[in-house]
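So you can see what is in the structure, the chains are spelled out below.
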Amino acid sequence: MIRRRLIKTLVLAVVVGFSGISCSTIRNINLYSSNEEVQLGNSLDKEVRKQMEMLGDARLDSFVAVRGRKLVEHSKRKDIEYNFAVVKDESINAFAIPGGFCYINVGLFRKSRTEAELISVISHEINHVVHQHSMKRLSQANLAGALTETLLGNKGTAAKMAANLFTNSGMLYYSREAEREADRDGLIMMYEAGYDPQGMVEMFGMLMQGREQEPSAWANLFSTHPMTNERIENARSLIAQLPPKEGLMKNSPQWEGIRTFLNETYPPPKKKEDKKN
């Protein structure tokens with residue numbers, strides 16, 4: 001009931017041109033409670049698992065989960081339980097959905113040269129959840145739909161927009177502002193958890209280089225996580241502002257072992273040789 005009243009108030013404010021509500025304010029509105037977000041996340045997780053095959057390896061899942069939960073200890077949001085899984089997909093990608101569900105493709109795991117590089121991605125995805133970026137987008141869709149219904153009388157528009165938001169592709173697109181926020185707090189979080197934040201810069205560099213060498217192999221990642229030189233420079237600038245800290249890790253003692261286990265137990269697919277004419 002409160003959420004409905006808030007939607008009506010905001011729609012009315014937009015309709016009458018109330019100057020006290022800025023675009024920035026609307027972008028940061030979240031109409032959903034944490035309990036509602038978790039319920040949505042549980043439903044979406046079931047759909048993700050129908051459409052994507054999880055690797056289902058206890059050792060790899062545990063490796064990621066232990067590190068993910070260590071990062072969460074230093075996050076700005078601890079009111080939900082976070083879950084981590086490795087997806088049986090050789091494409092270089094990772095994503096998070098509402099409610100604390102984070103997925104790392106085996107291809108990204110395999111491609112990470114250091115543990116700090118992998119951690120930088122996990123930390124980034126956690127912060128999309130921390131800042132509830134998906135839920136804010138869903139709230140915007142509801143507001144836009146409610147406004148359309150108010151102005152045009154198109155009943156059901158808000159519901160349709162909400163449904164379209166959480167498709168395979170739709171739920172993964174974030175604004176530049178959201179990406180900057182996830183980068184910034186992700187870098188700080190990995191630093192506070194004891195990881196070398198330079199790993200984020202090195203991951204960005206590897207991603208940029210990979211795109212130049214094999215554009216098609218990296219297309220999926222860059223469609224959902226646009227990579228720019230600005231993100232690299234922002235990360236470097238932030239690292240320069242952090243206080244010196246001894247013992248920051250690039251690799252834990254378990255890193256080489258888990259990498260060997262991954263490649264021996266789940267060897268990468270062989271590249272098809274070009275047919276000779």
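Everything below is about the structure printed above this text.
Residues numbered from 1 in each chain as written. Predicted model: local features only at pLDDT ≥ 70, side-chain atom pairs only at ≥ 80, totals over all residues. Heavy atoms only, no water.

So, on to the overall build of the chain. Scanning the chain from terminus to terminus reveals 13 helices and three strands. Counting every position in the chain, which comprises 277 residues, the buried fraction comes to 48%. Just so you have it, the chain exposes about 14700 Å², and 53% of that area is on carbon and sulfur atoms. (Helix = DSSP H or I, 4+ residues; strand = E, 2+ residues; numbered from the N terminus. Buried < 20%, exposed > 50% of the residue type's maximum accessible area, 1.4 Å probe, protein only. Areas by Shrake-Rupley, 256 points an atom, 1.4 Å probe, with all protein chains shown as cover.)

So, on to the pattern of salt bridges. This structure, assessed with the given rule, holds 16 salt bridges. Its salt-bridge partner being Arg110, residue Glu90 comes within 2.6 Å of it at the nearest N-O pair. Here Glu90, found in the loop between strand 1 (83-87) and strand 2 (94-97), pairs with Arg110, found in helix 5 (residues 106-111); they are 20 residues apart in sequence, far enough to count as distant. Between Asp183 and Arg231 there is a salt bridge whose closest N-O contact spans 2.7 Å. One end of the pair, Asp183, is in helix 9 (residues 176-192); the other, Arg231, is in helix 12 (residues 229-241), with 48 residues separating them in the sequence. Comparing Asp183 with Arg231, the two get one shared label, buried. (Salt bridge = Lys/Arg side-chain N within 4 Å of Asp/Glu carboxyl O.)

Attention now moves to unusual backbone geometry. Even without a glycine there, the phi angle at Gln132 is positive, about 55°. Residue class for Gln132 comes out buried when judged on its relative accessible area of 16%.

Right, let's talk about the packing of helix 4 (residues 58-72) against helix 6 (residues 115-130) for a bit. Closest axis-to-axis distance for the helix 4/helix 6 pair is 10 Å, and the angle between their directions is 60°. The angle between the axes of helix 4 and helix 6 places the two elements in the oblique class. Like other packed secondary-structure pairs, helix 4 and helix 6 cross with a definite hand, here right-handed. Between helix 4 and helix 6, the contacting residues are Phe63, Val64, Arg67, Gly68, Leu71 and Val72 on the first element and Glu115, Leu118, Ile119, Ile122, Ser123 and Ile126 on the second. Of the residues in the contact of helix 4 with helix 6, the class split is eight nonpolar, two polar and two charged. (Axes fitted to C-alpha atoms, helices over the stretch in contact; angles between N-to-C directions. Parallel < 35°, antiparallel > 145°, perpendicular 65-115°, else oblique. Left-handed = near helix turned anticlockwise from the far one by under 90°. Contact = heavy atoms within 4.5 Å. Nonpolar A, V, L, I, M, F, W, Y, C, P; charged D, E, K, R; others polar.)

For the structure on display, the rule yields four aromatic pairs. Centroid distance Phe95 to Tyr103: 4.7 Å. Interplanar angle 20°. Geometry classified as stacked. A relative accessible area of 4% means that Phe95 is categorised as buried. Overall, Tyr103 belongs to the buried group, its relative accessible area being 1%. Look at Phe109 and Trp255: their rings are 6.1 Å apart centre to centre, the planes differ by 5°, and that puts the pair in the stacked class. You can see Phe109 sitting in helix 5 and its partner Trp255 sitting in helix 13 (residues 255-265), a full 146 residues away along the chain. Its relative accessible area of 1% is what places Phe109 among the buried residues. (Phe/Tyr/Trp six-rings, centres within 6.5 Å; stacked < 30°, edge-to-face > 60°.)

For Arg77, the location among the structural elements is in the loop between helix 4 and strand 1. Within the local environment of Arg77, its side chain forms a polar contact with the side chain of Asp79, the two groups lying 2.8 Å apart. When neighbours within four sequence positions are excluded, Arg77 is seen to be in contact with Ser34, Glu37, Val72, Tyr82, Val129, Val130 and Gln132. (Polar contact = N/O pair within 3.5 Å; in protein donor to acceptor, adjacent residues only side chain to side chain.)

For the rest of this paragraph, the subject is the nonpolar core. Core analysis: the biggest nonpolar cluster contains 49 residues, and Phe84, Phe109 and Ile126 have the highest contact counts within it. The element contributing the most residues to this core is helix 6, with eight residues. The contacts of Phe109, once residues within four sequence positions are left out, are Leu60, Phe63, Val64, Val86, Ile104, Leu118, Trp255, Ile258, Arg259 and Leu262. (Core = buried A, V, L, I, M, F, W, Y, C linked by side-chain atoms within 4.5 Å.)

Let us now look at the sheet that holds strand 2. Strand order in the open sheet formed by three strands is 1-3-2, and the pairing between neighbours is mixed. Each of the sheet's edge strands pairs with one partner strand only, and the pair in question is strand 1 and strand 2. For this sheet the average axis-to-axis angle between neighbouring strands, irrespective of direction, equals 20°. In terms of strand pairing, strand 1 meets strand 3 (residues 101-105) through five bridges, oriented parallel. Bridge pairing links Val86 to Ile104 in strand 3. (Pairing = 2+ DSSP bridges.)

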